[in-house]
Amino acid sequence: MTSGDPLAELRLLLQERYRIAGKPSYRELAKQTGMSHTSARTVILCERLPRWGALELIVESLNGDTAEFHRLWLTADAATTTPPRGPDHEISGMGVPAPAAGGRSDHTDTGIPAPPVGERSSHGDMDIPAPVTGERSGHDERSPGRLGGILRSRRAVLISLSSVAVVAAAAVAAPRLLSGEPPPRTGVMFGGPLSGGNGAVWSVAHGVLGGRPVVLYGCQNGTVHLRDLVSGERIGAVLTGHTRAVFAAKIADVGGRATGVTGSADGTVRMWDLASGQGRVLNAGKESGGINALGVTTIAGRPWAFTAGDDLTIRRWDLAASAPEGEVVGQPLAMSPKAIVVGEVAGKPTALSGGDDRLVRRWDLTEPSPSGVPIGGHDGTIWNLAMGHADRRPIVLSAAEDGTTRLWDLSERQPIGHLLGERLPNPVKCVALAVAGGTTIGFSGADDGTLREWDLTTTKQVGPPAEGPTSGPEGFAVATHQGRTYLFAGTWDGYVWRFDLGPTA
């Protein structure tokens, strides 16, 4: 390696080590290191100099020579002329550093609870100066928390930043009131503050159990929870069986019984009788990869589930069968699908999928062997899709790693993904469509911790981001009850938030 560019030499060696290690998935690297999969990817790409702590963890997980990499990193660091900036790669998936395994902090010195170790998220954009303690914090040891040349604790820095935020908020609030801009929607913590502690809430669903509206949600630690939609009260025991994060959850009517259907990073799909709490695994982990998303629908009076998995397939499951097989739909894809949604388009049962190939694909489920026909795409992995209707037209929202939310009109022969608002510097992780006041509105949740509402006619944001959640939304569910519409948001810090959107009609 004689390019003369220390960063290029570091990048070449790192990517060679990555190839030798068999190119493990970013999600697997995230599991091994404790950082988010997005941060793991950023370190591997090495387009700019990563923090040494993050690089060291990646090199160790790839069985590389940390001493050699540290030498190259120091050379590249010395050649860097740009001033120090906030952390680019966070070990914990939040903007607060976490020491390496064996010394992981609970962050009690900052007053912020320790975030869960995630596999699909990165909220590492808080510009908090790095601590001077802990040699593997993932931050630059040369940049301790200093303001005005004075060494500051993380608590002091956070207090200072909070004060700035309060002043900024006040400066924005006054013109907002004068301009007549609508106030932000405010959520309430569903189930109360004691409902957390299970890691990120990746998936949320709603349904009816014995006439009672309920919410089902799946968490990072593999648990599944059922609560009353109105009171937030827990129903039955925690549902256990999955061994890894539950990325997908839905409620279906199977033989007149409310049935939970969940998919996990452990590669299994499970069905749950919500009345008894009894569950069973459908595929016994036969799929060679995690389940990233699932949708449920009824076709010709029969309930079906469709899953998107890391084995590169879309599969369909006959939920009324005694032993659903998980038949592959069409041909395996070239890259992992991460999102799927099912509904009707022009009276035909239709699925849409998206994933690492950055394409939105449409599947005609009436065909014997459907193929996923691309209709357009994004500049990054597509994480989530939501299907609905607006002005009697079938529409889909898509959320992607490229920081955009797009609106697709499926009634058009060649749908165009219209951008909602501006591109964000952070991934958009989830989207939802809801009818409130007789109008279909859109929602998106991003890794910057915001939940935004969209006017689908003007493609403009409605009001400021919602208030309540303190970390990024990872999954949405929309429910109606007694003439009102509600949005439920599962968040990275392990809670579910409920937003009352007002009368449905």
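How each quantity is defined
Residues numbered from 1 in each chain as written. Predicted model: local features only at pLDDT ≥ 70, side-chain atom pairs only at ≥ 80, totals over all residues. Heavy atoms only, no water. Helix = DSSP H or I, 4+ residues; strand = E, 2+ residues; numbered from the N terminus. Buried < 20%, exposed > 50% of the residue type's maximum accessible area, 1.4 Å probe, protein only. Contact = heavy atoms within 4.5 Å. Areas by Shrake-Rupley, 256 points an atom, 1.4 Å probe, with all protein chains shown as cover. Pairing = 2+ DSSP bridges. pLDDT = per-residue confidence, 0-100. Phe/Tyr/Trp six-rings, centres within 6.5 Å; stacked < 30°, edge-to-face > 60°. Axes fitted to C-alpha atoms, helices over the stretch in contact; angles between N-to-C directions. Parallel < 35°, antiparallel > 145°, perpendicular 65-115°, else oblique. Nonpolar A, V, L, I, M, F, W, Y, C, P; charged D, E, K, R; others polar. Arc of directions from axis to C-beta.

**Some thoughts on the overall build of the protein**
Here comes step 1: Across its full length, the protein carries 6 helices and 29 strands.
Here comes step 2: Every one of the 505 residues in the protein was classed for burial, and the buried ones make up 55%.
Here comes step 3: In the protein, the proportion of contacts linking residues at least 24 apart, taken out of those at least 6 apart, comes to 48%.
Here comes step 4: Working note: accessible area of the protein is about 21600 Å², and carbon and sulfur atoms make up 53% of it.

**So, the sheet that holds strand 12 (residues 302-309)**
Here comes step 1: Strand order across the open sheet formed by 4 strands is 11-12-13-14, with antiparallel pairing between neighbours. Of all strands in the sheet, those bounded by a partner on one side alone are strand 11 (291-299) and strand 14 (327-328).
Here comes step 2: Note that strand 11 and strand 12 share 8 bridges and pair antiparallel. Bridged to Gly295 within strand 12 is Phe306.

**Focus: the confidence of the model for the protein**
Here comes step 1: Of all residues in the protein, 78% attain a pLDDT of 70 or more, and the chain-wide mean is 81.
Here comes step 2: In this model residues 82-177 is a low-confidence stretch, pLDDT under 50, and it forms 186 contacts with partners more than four residues away in sequence or in other chains.

**Some points on the sheet that holds strand 23 (residues 428-436)**
Here comes step 1: Here 4 strands make up an open sheet; going across it, the order is 23-24-25-26 and the pairing antiparallel. The open sheet terminates on both sides in strands that have one partner only, identified here as strand 23 and strand 26 (460-461).
Here comes step 2: The sheet contact formed by strand 24 (residues 439-446) and strand 25 (residues 451-455) spans 5 bridges and is antiparallel. The residue of strand 25 that forms the bridge with Gly445 is Leu451.

**With respect to the packing of aromatic side chains**
Here comes step 1: Under the definition given, this model contains 5 aromatic pairs.
Here comes step 2: Arranged with centres 6.0 Å apart and planes meeting at 50 degrees, the rings of Trp52 and Trp73 form a pair that is tilted. Of this pair, Trp52 sits in helix 4 (residues 52-61) while Trp73 sits in helix 5 (residues 66-79), and the two are 21 residues apart along the sequence.
Here comes step 3: Plain terms: the ring middles of Phe190 and Phe488 are 5.1 Å apart, the flat faces sit at 75 degrees to each other, and that makes the pair edge-to-face. Taken together, the residues span a long stretch of sequence, with Phe190 in strand 3 (residues 188-190) and Phe488 in strand 28 (residues 484-491) at a distance of 298 residues.
Here comes step 4: Phe488 sits in the buried class, given a relative accessible area of 0%.

**Comments concerning unusual backbone geometry**
Here comes step 1: Non-glycine residue Arg358 carries a positive phi angle of around 70 degrees.
Here comes step 2: Residue Arg358 is classed as partly exposed on the basis of its relative accessible area, which comes to 36%.
Here comes step 3: Positive phi values are uncommon outside glycine, yet Arg392 reaches one of about 65 degrees.
Here comes step 4: Within the secondary structure layout, Arg392 lies in the loop between strand 19 (382-390) and strand 20 (393-400).
Here comes step 5: On the basis of relative accessibility, which here comes to 84%, the residue Arg392 falls in the exposed class.

**Observations concerning the packing of helix 2 (residues 26-33) against helix 4**
Here comes step 1: Two numbers describe how helix 2 lies on helix 4: the axes approach to 10 Å, and their chain directions differ by 105 degrees. Judged by the inter-axis angle, helix 2 sits roughly perpendicular to helix 4. Contacts from Leu29, Gln32 and Thr33 of helix 2 reach helix 4 at Leu57, Ile58 and Ser61.
Here comes step 2: Here the contact of helix 2 with helix 4 is built from residues that sort into 3 nonpolar, 3 polar and no charged.

**Some remarks on helix 2**
Here comes step 1: Every buried residue of helix 2 is listed here: Arg27, Leu29, Ala30 and Thr33. Around the axis of helix 2, the buried residues are gathered within 160 degrees of arc, so they sit on the same side.

**Some words on helix 3 (residues 37-45)**
Here comes step 1: Taken residue by residue, helix 3 has His37, Thr38, Ser39, Ala40, Val43 and Ile44 as its buried positions.
Here comes step 2: As for helix 3, its buried residues are in contact with helix 1 (6-20), helix 2, helix 4 and strand 19.
Here comes step 3: Of the residues flanking the end of helix 3, it is Cys46, one or two places downstream, whose phi is positive at about 50 degrees.

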